[in-house]
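One letter stands for each residue in the lines below.
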Amino acid sequence: MPQSSDQQTPVTSPRYDVVAIGNAIVDVMAAASDEDVERLGMAKGGMTLVDSARAHDLYEAMGPAREISGGSAANTLAGLAALGASCAFIGQVAQDQLGEVFAHDIRAGGIAFDTPARAGDPSTARCLIFVTPDGQRTMNTFLGASQFLPAEQLDESVIADSAVLYLEGYLWDPEEPRRAMRRAIAAARNAGRKVAFTLSDAFVIARHGDDFRGMIAAGEIDILFANEHELAALTGLEDFHEGMAELAKSVPTLVVTRSEKGAHAISEGEHASVSAAPVARVVDTTGAGDLFAAGFLLGHVRGLPLETSLRLGATAAAEVISHYGARPEADLKALVAPLLA
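Residues numbered from 1 in each chain as written. Predicted model: local features only at pLDDT ≥ 70, side-chain atom pairs only at ≥ 80, totals over all residues. Heavy atoms only, no water.

If you look the protein up in an unreviewed UniProt entry, it shows as PfkB from Novosphingobium nitrogenifigens DSM 19370. Quoted verbatim from the Sequence similarities (unreviewed entry) field of UniProt, the annotation for the protein is "Belongs to the carbohydrate kinase PfkB family." (UniProt positions renumbered as here; feature names shortened; annotations may be inferred.)

A. Spatial organisation of the overall build of the protein. Regarding its fold elements, the protein presents 12 helices and 14 strands. Radius of gyration (C-alpha) of the protein: 19 Å, near the 20 Å computed for a compact globule of 341 residues. Counting only C-alpha atoms and orienting by the principal axes, one finds that the protein spans roughly 50 × 45 × 40 Å. Here the protein holds 341 residues, and 55% of them are scored as buried. Taking all contacts inside the protein whose residues are at least 6 apart in sequence as the whole, residues at least 24 apart take part in 76%. For the protein, the accessible surface area stands at approximately 14,000 Å², while carbon and sulfur atoms represent 48% of it. Distance between charge centres in the protein, computed from 26 positive and 45 negative side chains, equals 3 Å. (Helix = DSSP H or I, 4+ residues; strand = E, 2+ residues; numbered from the N terminus. Rg over C-alpha atoms; globule rule 2.2 N^0.38 Å. Buried < 20%, exposed > 50% of the residue type's maximum accessible area, 1.4 Å probe, protein only. Contact = heavy atoms within 4.5 Å. Areas by Shrake-Rupley, 256 points an atom, 1.4 Å probe, with all protein chains shown as cover. Lys, Arg positive; Asp, Glu negative; His and termini not counted. Charge placed at Lys NZ, Arg CZ, Asp CG, Glu CD.)

B. Representation of the nonpolar core in the model. The biggest cluster of nonpolar side chains holds 52 residues, and the ones touching the most others in it are Ile21, Leu165, Phe197, Phe212 and Leu224. Ranked by the residues each element gives to this core, the list is headed by helix α6 (residues 175-190), at six residues. Grouped together as the second largest cluster of nonpolar side chains are 47 residues, Ala20, Ala81, Phe225 and Leu291 included. (Core = buried A, V, L, I, M, F, W, Y, C linked by side-chain atoms within 4.5 Å.)

C. Region of interest: the packing of aromatic side chains. Tallying each qualifying case throughout the model produces nine aromatic pairs. Aromatic ring contacts, followed pair by pair, group Phe89, Phe102 and Phe113 into a single cluster. Directly above the aromatic system of phenylalanine 148 lies the positively charged group of arginine 118, at a separation of 4.6 Å from the ring centroid. The side chain of arginine 258 reaches across the aromatic face of phenylalanine 240, ending 3.9 Å from its centre. (Phe/Tyr/Trp six-rings, centres within 6.5 Å; stacked < 30°, edge-to-face > 60°. Lys NZ or Arg CZ within 6 Å of the ring centre and 35° of its normal.)

D. Region of interest: the UniProt feature "domain: Carbohydrate kinase PfkB" (unreviewed entry) in the protein. On the UniProt side, "domain: Carbohydrate kinase PfkB" (unreviewed entry) is annotated at positions that read residues 68-328 here. Within the segment residues 68-328, helix and strand shares are 41% and 21% respectively, and the terminal C-alpha atoms sit 11 Å apart.

E. Layout of unusual backbone geometry. Here the amide bond leading from aspartate 121 into proline 122 is cis, since omega sits at 0°, within 30 degrees of zero. Within the element layout of this structure, proline 122 appears in the loop between β6 (112-113) and β7 (125-131). Even without glycine at this site, serine 200 takes up a positive phi of about 75°. As for its placement among the helices and strands, serine 200 is situated in the loop between β10 (194-198) and α7 (202-217). Taking relative accessible area as the criterion, serine 200 reaches 12% and is therefore assigned buried. At serine 259, a residue that is not glycine, the phi angle is positive and equals roughly 55°. Within the element layout of this structure, serine 259 appears in the loop between β12 (253-257) and β13 (263-267). Serine 259 gets classed as exposed once you look at its relative accessible area, which sits at 60%.

F. Molecular detail of the sheet that holds β7. Ordered by their spatial adjacency, five strands build an open sheet running β3-β8-β7-β2-β4, and the pairing between neighbours is mixed. Since the sheet does not close on itself, it has two edges, and those belong to β3 (47-49) and β4 (66-70), each with one partner. Each strand of the sheet is rotated relative to its neighbour by a mean of 25°, with strand direction disregarded. Looking at chain direction, β3 and strand β8 (residues 137-142) are connected through three bridges and run parallel. Looking at β8, one finds that threonine 48 is bridged to asparagine 140. Its contacts with the sheet place helix α2 (residues 52-61) against β2 (25-31), β7 and β8, and it is angled at close to 40° to β7. (Pairing = 2+ DSSP bridges. Axes fitted to C-alpha atoms, helices over the stretch in contact; angles between N-to-C directions.)

Here it is in structure tokens:
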């Protein structure tokens, strides 16, 4: 299995369990019918990047909406913090109202966030989410200021002082934050810390799969999160188990979710799988993968068994799909307490 030659052995206990780099986004969510989704020309259940004009038009077409701070990696940190982990976030907002909303929300969750806001246009990123009666979310993302996170904004001391650096595949698309994340990977590995990466979406793999395969081959990723569709896109193998076995040869810890079919992981040759945690009613699947990663990472940083880490992820994911929004509302610590006893 490939290993990075420049990774050092950490000499100090980390201050943070996880530091994440991701899109600093405010989610704007509204209920919609299947007919609304079709009429507005959206791909149901998918995530589409939109420009400022399209974002404006879609917002005008939305029904009554809720504004909730989001972003994939930030959602994962919100789950981790709710579970009792110590976290820090790096992401770019603008000097505007939504930027203030995002900064307030993430800090109120107990997450360190010190990236200075950016002056001028574009505005803070927002994701317009149309939720259909079956719980599927159709996301339209205007990346705005989040695309302009410069490498110079990184506090490498925070990265070096975190057990795990968690990176969001969505943010790999813009050039400037991609350079920042490459620099962050180098900082983490030089400090002997783990690097976790979530593939985010098949469209990201279509655009940057060669980058991801190169990083994997170079041993730069210690923990890789994917769903079964992203696994197939990255490996080119339609058979789920064949894809798992092939990719696990190059990734120390591979975690793949399969929605209602549960989740699987392979870590250093050990296999584990769990069923999806029961949920009375699926209201909104936004953030399911993000919260699954939160639960799994909590188990990882605490040195828990692989199956327990998967169950923590499944429990956190089940909570978030039981209500609107990608941030936990119930007491996650209480929900996972039986797994930690």
